[in-house]
Amino acid sequence: MIASEAEKGGEGLPVVVIGAGPTGLAAAAHLAERGLDFVVLEAGDSAGSAIGQWGHVRLFSPWRYNTDAAARRLLEPTGWKLPDADTLPTGADLVRDYLVPLAQVPALAGRVRTGQRVIAVTRLGLDVTRSIGRETRPLLVRAAGPDGAVTDIAARAVIDASGTWGRTNPLGHSGLPAPGEDQAAPHLTGPLPDVLGRDRDRFAGRHTLVVGMGHSAAGTLLALAELAKTEPGTRVTWTVRGTSVARLYGGGDADGLPARGAIGTRLKAAVESGRIELIRGFTITRLDAPGTGAESGPVQVVGRTPDGELAVAADVVVAATGFRPDLDMLREIRVDLDRATEAPARLAPLIDPNFHSCGTVPPHGERELAHPEPGFYMAGMKSYGRAPTFLMATGYEQVRSIVAALAGDREAADDVQLDLPETGVCSSDLLTEDLLPGDTGQDAGCGTSCGTEPAATPTVQADSTVGGCCGGPAPEPISIGVGAPDGGLGFATGVVHGYSGDAERGDA
Ligand SMILES: Cc1cc2nc3c(=O)[nH]c(=O)nc-3n(C[C@H](O)[C@H](O)[C@H](O)COP(=O)(O)OP(=O)(O)OC[C@H]3O[C@@H](n4cnc5c(N)ncnc54)[C@H](O)[C@@H]3O)c2cc1C
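Conventions used here
- Residues numbered from 1 in each chain as written.
- Predicted model: local features only at pLDDT ≥ 70, side-chain atom pairs only at ≥ 80, totals over all residues.
- Helix = DSSP H or I, 4+ residues; strand = E, 2+ residues; numbered from the N terminus.
- Buried ≥ 20, exposed ≤ 12 C-beta atoms within 10 Å, placed from the backbone.
- Contact = placed C-beta atoms within 7 Å.
- Pairing = 2+ DSSP bridges.
- Core = buried A, V, L, I, M, F, W, Y, C linked by C-beta atoms within 7 Å.
- Right-handed = clockwise from strand over helix to strand, strands pointing away.
- Near = placed C-beta within 6 Å.
- Nonpolar A, V, L, I, M, F, W, Y, C, P; charged D, E, K, R; others polar.
- Axes fitted to C-alpha atoms, helices over the stretch in contact; angles between N-to-C directions.
- pLDDT = per-residue confidence, 0-100.

Let's shift gears to the overall build of the protein chain. Helix and strand counts for the protein chain stand at 13 helices and 18 strands. The buried share among the 508 residues of the protein chain stands at 52%. Sequence-distant contacts, at least 24 apart, represent 75% of the contacts inside the protein chain between residues at least 6 apart.

Written out as structure tokens, the structure reads:
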């Protein structure tokens, strides 16, 4: 339906869902179950297009946590069966065995439009400055097709589930690109190259610098270490801004998600064996590209360290620096975003990575996700803004609640549940065993196992209600809830306190 056909107030118009990832398709499944009209606009050429780009990566959450309940109810009559609940799928498995079949169920097929990139959301006939009569007008979504042709769709509501993949944080400090970062582009890769597969030739026999403190960095580092075993001349350097990588080494065997705990353990072993050279306290200040093209010689990655300036010559630089949401397309609607996280303002305090890991995110739904612009919601990965701790299970509960509200079922919308299994490790040992010589570990408290580089120096004490481990007398596993995996509602993935648990207090 084009804008000119729109009726006043959005009555009779579809809900537009932006993005056919796990969250967007779950929203579609709930909309279908509730009998609400909807259309899903997906920029890529198939459902799960963003995940397809990291299809070689194995998830750390098993199948039992990765599907939405309404989606399963639509899939099961087609003969679909949940893959082994305890198996860890790769991204490609998730797309092939869940998202693509889901997009094809009768209730969704024909409503998922691929090759449609949303470029703007606005209020029909009103720019963001106009207040009078705003609530009587439908929303308007503008999408561009592969040929550049623009389509305007009037909507009664919009659920923006477009994720954050594709918008990586820069390599430079303070949230800005380092001088020379643009010119060094031929030497840079995305956050999750397929080191042992598609992109192997780019890394074999070469020196790679990996920048970042999240699980994307960890996965790439481990793949590079593996490559180095069979490809002579392959070298791996890992730089982090802080002085401790304990957060990434994580809780090992005590991690609530064993696969994730194992990654940290293996990474630690690879660093200790010398297969990965770790440079801590490294803040990138500029990149000196050698000339044109990646074949013209290594790029010099220059950084500040506690011992002075250091230049690392690298053939390839993997920027595993985390993601940020695309807010440009939301300029003409009234969104209320937290200034720090760029998450919806009411959700932000619940997920602030300075103080929370994903394991400490409380239940939340439509009320926390609402904006001053009626009918507009951010959901899924994008709803967490720059916070790195999002989980699919959280997104499924978000869209269940949003759709219930759109259907007028306030009771169901407010009945949000995010049951967390017993998990998490809060241990000062995680830090003290990994401090630089001379560091005391004072103020250090908790490791977290999600996230990227610390974003800011905390100015507020951590919420004492979420665990109270920092400064505690002894390392101690923390119980943060009891899970209900069969309900698919959520699970813990980290440990308390987020960035505030890091030893480092350095640059962001
Ligand atoms: C490497 C990696 C591993 C992860 N592992 C786990 C895990 O084990 N367990 C877990 O729970 N979570 C995990 N996550 C976190 C998160 O659950 C996933 O990123 C998940 O894909 C988020 O789902 P989403 O639907 O919100 O966003 P996405 O999967 O990113 O989907 C967004 C969709 O929107 C489309 N899109 C983007 N912009 C536009 C636009 N302007 N217009 C139209 N369409 C657009 C994209 O093409 C994409 O298909 C992982 C994340 C990463 C990066």
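Glancing now at the sheet that holds strand β15 (residues 316-319). Taken together, five strands build an open sheet; the order of strands is β8-β15-β9-β10-β11 and the sheet is parallel. Both edges of this open sheet fall to β8 (188-189) and β11 (277-279), since each of them pairs with a single strand only. Summarising the sheet, strand β10 (residues 235-239) and β11 pair through three bridges and their orientation is parallel. The partner of Thr-237 across the bridge, within β11, is Glu-277.

This paragraph deals with the nonpolar core. If you look at the biggest cluster of nonpolar residues, it comprises 78 residues, and the most contacted ones within it are Leu-102, Val-141 and Ile-159. Dropping the residues within four chain positions of it, Ile-159 is found in contact with Val-15, Val-17, Ile-18, Ala-27, Tyr-377, Ala-379, Val-399 and Ile-402. Val-240, Ile-263, Ala-314 and Val-317 belong to the second-largest nonpolar core, a separate cluster that totals 43 residues.

Another point: the pairing of strand β9 (residues 207-211). Counting buried residues along β9, four of its five residues qualify, which places the element largely inside the surrounding structure. Taken together, β9, helix α6 (residues 215-230) and β10 form a β-α-β motif whose crossover is right-handed.

Right, let's talk about the environment of Val-403 for a bit. When you line up the elements, Val-403 lands in helix α11 (residues 392-406). Val-403 sits 38 residues away from Gly-365 along the chain, and the two C-alpha atoms are 10.0 Å apart. Filtering out sequence-adjacent residues up to four positions away, Val-403 remains in contact with Ala-27, His-30, Leu-31 and Arg-34.

Neighbouring residues of the ligand: 35 residues in total, closest Gly-19, Gly-21, Leu-59, Gly-163 and Gly-380. Looking at the shell around the ligand, the elements with two or more residues in it are α1 (22-33), α2 (49-53), β4 (117-123) and α11. Its residues assigned to classes, the shell around the ligand shows 20 nonpolar, 13 polar and two charged.

Another point: the pairing of strand β6 (residues 150-155). Pairing analysis gives six bridges linking strand β5 (residues 139-144) to β6, with the strands arranged antiparallel. Each bridged residue has a counterpart across the sheet, and for Leu-139 the counterpart in β6 is Ala-155. In this antiparallel pair of consecutive strands, β5 and β6, the connection spans five residues, and Gly-148 shows a positive phi of 90°.

A separate point is the environment of Gly-303. On the secondary structure map, Gly-303 appears in strand β13 (residues 299-305). When the 22 C-beta atoms within 10 Å are taken as the criterion, Gly-303 is described as buried. Placed 62 residues apart in sequence, Gly-303 and Arg-241 show a C-alpha to C-alpha distance of 9.6 Å.

Glancing now at the sheet that holds β13. In any sheet, the strands associate via hydrogen bonds between backbone groups, in a parallel or an antiparallel arrangement. Strand order in the open sheet formed by three strands is β12-β13-β14, and the pairing between neighbours is antiparallel. What marks the edges here is a single partner per strand, and that holds for β12 (283-288) and β14 (308-314). Averaged over all pairs of adjacent strands, the angle between their axes in this sheet comes to 25°, without regard to strand direction. The sheet contact formed by β13 and β14 spans seven bridges and is antiparallel. Residue pairing across strands places Thr-305 opposite Gly-308, the latter belonging to β14.

To continue, consider unusual backbone geometry. In this structure, Ser-174 is a non-glycine residue whose phi angle is positive, near 60°. In this fold, Ser-174 is placed in the loop between β7 (157-160) and β8. Look at Glu-342: it is not a glycine, yet its phi comes out positive at around 60°. With respect to the helices and strands, the residue Glu-342 is situated in the loop between β15 and α9 (348-351).

This part covers the confidence of the model for the protein chain. In regions of low pLDDT, the predicted coordinates are not meant to be interpreted in detail. Within the protein chain, residue pLDDT values average 81, and 76% of them lie at 70 or more. Every residue in residues 1-7 is under pLDDT 50, and counting partners more than four places away or in other chains gives 15 contacts. Note on residues 420-508: pLDDT is under 50 here. Beyond four places in sequence and across chains, it has 242 contacts.

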